[in-house]
Amino acid sequence: MAEGLLENIQKKVSKHFKADAISMWLVNEHGFKKKTSSGNISLKEKELQFVRDVYIASKPVVSGRYVGVLLSANSNTSVIFVFETSTQLKEKNIENLQLILSEFSNVVETIPYYEITDDISSSTSRALAVANILDAIRQSERVLEDKSLAKAIAQTIEQIAQTKNIIVARFFVKTNKVDTLYYEDEHDEPRFPFDLDKALVNGSVTAFIIKFAKTLRGSSIEICRDLGVETGEEYGTHANDLIGMPIRNNDRVFGALIVQTYDSSQVFKDYVPSIISIIADALANRAIQQELNDELNATIERRTAELREKNEALNHAIEELKKTKQELVRSESQAYLARTICKIAHNLNTPIGNAKVSTSITADLITDISNKLKTMNDNEIAEDVEDILSSCRLTDSALSKASSVISELKKLGTTESEFKISKFSTNELFTMIKEVSLSMLNGKQVEFKLEGDDQLIESYYTVLGEILLSLVENSLEHGYLMNDNFYIQLKSKVTKDNLELQYFDNGKGLDVSMKNKLFDAFETNAEIAGRLGLGMSIVQYLISNILKGTIKINEEHDVGLGFTISIPLTSS
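Residues numbered from 1 in each chain as written. Predicted model: local features only at pLDDT ≥ 70, side-chain atom pairs only at ≥ 80, totals over all residues. Heavy atoms only, no water.

What am I meant to see in the pairing of strand S10 (residues 241–249) here?
Each regular strand shows side chains that alternate between the opposite faces of the sheet. With respect to burial, S10 is a largely interior element, eight of its nine residues being buried. Across nine bridges, the pairing between S10 and strand S11 (residues 252–261) is antiparallel. Within S11, the residue paired with Asp241 across the bridge is Thr261. Here S10 folds back onto S11, and the loop between the two strands holds two residues, one of which, Asn250, carries a positive phi near 55 degrees. (Buried < 20%, exposed > 50% of the residue type's maximum accessible area, 1.4 Å probe, protein only. Helix = DSSP H or I, 4+ residues; strand = E, 2+ residues; numbered from the N terminus. Pairing = 2+ DSSP bridges.)

Next up, the structure:
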């Protein structure tokens, strides 16, 4: 029968390529058996190794002049055909070959294997099957979640133990539940998932194996009696022979492998428990390895995140240090400039004062002479004297302006010793600012919004007042918009050691270029004639050098201009 089968296959194959020789092998739990051949395969003793390679690959294998194809005949037996050809095979030839062989699958099922093997012992065959499944376990990424792996394990055990009744159970520690990765039973429907402790009370053999990490062997009735539990069938029909292995690594139980037979004439051979134990141990070892890998990866991710946070904090600290350095350089430069300007102002102040006095005396004398000349009716001389008097007035005006400039410059050289620390409330400060500001409006419509808790603080009242009034003056001169909605807002927030003031007006605001040099000395808006551009520079000087605080432009507003002033509070 087998020889006639090869003849029919060779005829059909010849339409696609020339098959010089064909051999047919049967594979089951007993091993590899060369059933028949047509022609002589020149592989000789290497043919068996080639057949094994085809069996492991589970797909067509081409090696030089040889091609091997695996054909599953039934659940217990596989058939491998080996072809030797002088034709250069292409992928299309292999596809046609598979189609041809599939037509003969029903015939192949009727070919007996016999118990005696020609080339390899049954123990070697089992060892090969176990080696394949162990390799699959090692390669699995998630061994306790891989249902295709569980199915392959069941097929291997079915081939070795000659039973379909196989359960691969998984235990979830956190929920105390038991579920299955694979379930096949001739008599019972699955009763999974179930609670471990509840099932244990009701006599579940699977629950006992997982709970106590014990191996069980024998008929399920005998096992239940030995365990001292009821022999009812709430958790399944009783088996004639049962092998139950915990999937465990030391004290850690991941699940169980259950293999059973209901055939009253069948008892598992002695090697079956050993093989199931090997597979269960491999599953547990792979599971614990994956848990350790997960823990390691989690630790790496956590430490990477911590390192990232520390790096971000470090970068932030570096940026803050850079800003602080810039502020210190700016503050030192400003302090040096202030000292220099103060010296210049001091050296100019006396001669300009003397010039003013002299000009004033000259003007008085000329006025007296002019009055006397007028009585003499000498109009021409009187006109000359009037011109001189006008020139003196112009000189006096210029000197007055120079004196005013020097007064402003001298503010940049003020020190803490020139001011007194006093106790006052934020309400008191704001009220004074509003009252003085109202006298500066000159008909402008401005709403003052004063917010914050009224708290008693200790600081330089005069300096704070001058700073805030300078900001108000700046808003009125530079930011004022002629509408009904213009307002100036002041907010205060007092903590134990710090006073924070928020100042804002909803006026014209500043462009970026002006914001970048707002605190520089002698920088002013060209539209405002006669201004020195010292106001904001003096404000920053007073805050940095007298109050030891900071002032920053508030960038969160889309319109207008805002500042955040932060100063430490001190005690006398």
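Still to come is the rest of the account.
It is not clear to me how the packing of aromatic side chains should be interpreted in this structure. Could you clarify?
Centre-to-centre distance and the angle between the planes together describe a pair of aromatic rings. Tallying each qualifying case throughout the model produces nine aromatic pairs. An angle of 35 degrees between the planes, with centres 6.5 Å apart, marks the rings of Phe81 and Phe83 as tilted. Look at Phe81 and you get buried, because its relative accessible area is 0%. Judged by relative accessible area, which is 0%, Phe83 ranks as buried. By way of ring pairs, the aromatic residues Phe17, Phe81 and Phe83 are connected into one cluster. Between the NZ or CZ atom of Lys449 and the centre of the ring of Tyr487, over which it lies, the distance is 3.8 Å. (Phe/Tyr/Trp six-rings, centres within 6.5 Å; stacked < 30°, edge-to-face > 60°. Lys NZ or Arg CZ within 6 Å of the ring centre and 35° of its normal.)

I tried to follow the environment of Ser390 on my own but got confused; where do I start?
Inspection of the secondary structure assignment puts Ser390 in helix H11 (residues 379–411). Classification of Ser390 as partly exposed rests on a relative accessible area of 41%. Residues Ser390 and Ala363, spaced 27 residues apart in sequence, show a C-alpha to C-alpha distance of 8.8 Å.

What should I look at first to understand the sheet that holds S10 in this one?
Within a sheet, each strand pairs with its neighbour through backbone hydrogen bonds, oriented either parallel or antiparallel. Spatially, six strands are ordered S8-S7-S6-S11-S10-S9 in an open sheet, and the strand pairing comes out antiparallel. Whereas interior strands pair on both sides, the edge strands pair on one side only; in this sheet they are strand S8 (194–195) and strand S9 (216–218). Contacting strand S6 (166–172), strand S7 (177–184) and S11, helix H6 (residues 147–161) crosses the sheet at an angle of about 55 degrees to S7. Against the sheet, helix H8 (residues 205–212) engages S6, S7, S8, S9, S10 and S11, with an angle of about 145 degrees to S11. (Contact = heavy atoms within 4.5 Å. Axes fitted to C-alpha atoms, helices over the stretch in contact; angles between N-to-C directions.)

What should I look at first to understand the sheet that holds strand S16 (residues 498–505) in this one?
With respect to topology, five strands assemble into an open sheet ordered S13-S15-S16-S18-S17, the strand pairing being mixed. Edge positions in the open sheet fall to strand S13 (447–451) and strand S17 (550–553), since each of these has one partner strand only. Across the sheet, the axes of successive neighbouring strands diverge by a mean angle of 15 degrees, strand direction being ignored. Where S16 lies against strand S18 (residues 561–568), eight bridges are found, and the strand directions are antiparallel. Note on S18: the bridge partner recorded for Phe504 is Gly562. Sitting on the sheet, helix H13 (residues 461–479) is in contact with S13, strand S15 (487–494), S16 and S18, with an inclination near 15 degrees to S16.

I would appreciate a short explanation of the packing of helix H12 (residues 426–438) against H13 in the present structure.
Packed helices, taken two at a time, are described by the angle their axes make and the gap between the axes. Between H12 and H13, the shortest axis-to-axis distance is 10 Å and the interhelical angle comes to 45 degrees. When the axes of H12 and H13 are compared, the pair comes out oblique. Once H12 is placed against H13, the crossing between them reads as right-handed. The segment H12 lies against H13, with Glu428, Leu429, Met432, Ile433, Val436 and Ser437 engaging Tyr461, Leu464, Gly465, Leu468, Leu469 and Val472. Here the contact of H12 with H13 is built from residues that sort into nine nonpolar, two polar and one charged. (Parallel < 35°, antiparallel > 145°, perpendicular 65-115°, else oblique. Left-handed = near helix turned anticlockwise from the far one by under 90°. Nonpolar A, V, L, I, M, F, W, Y, C, P; charged D, E, K, R; others polar.)

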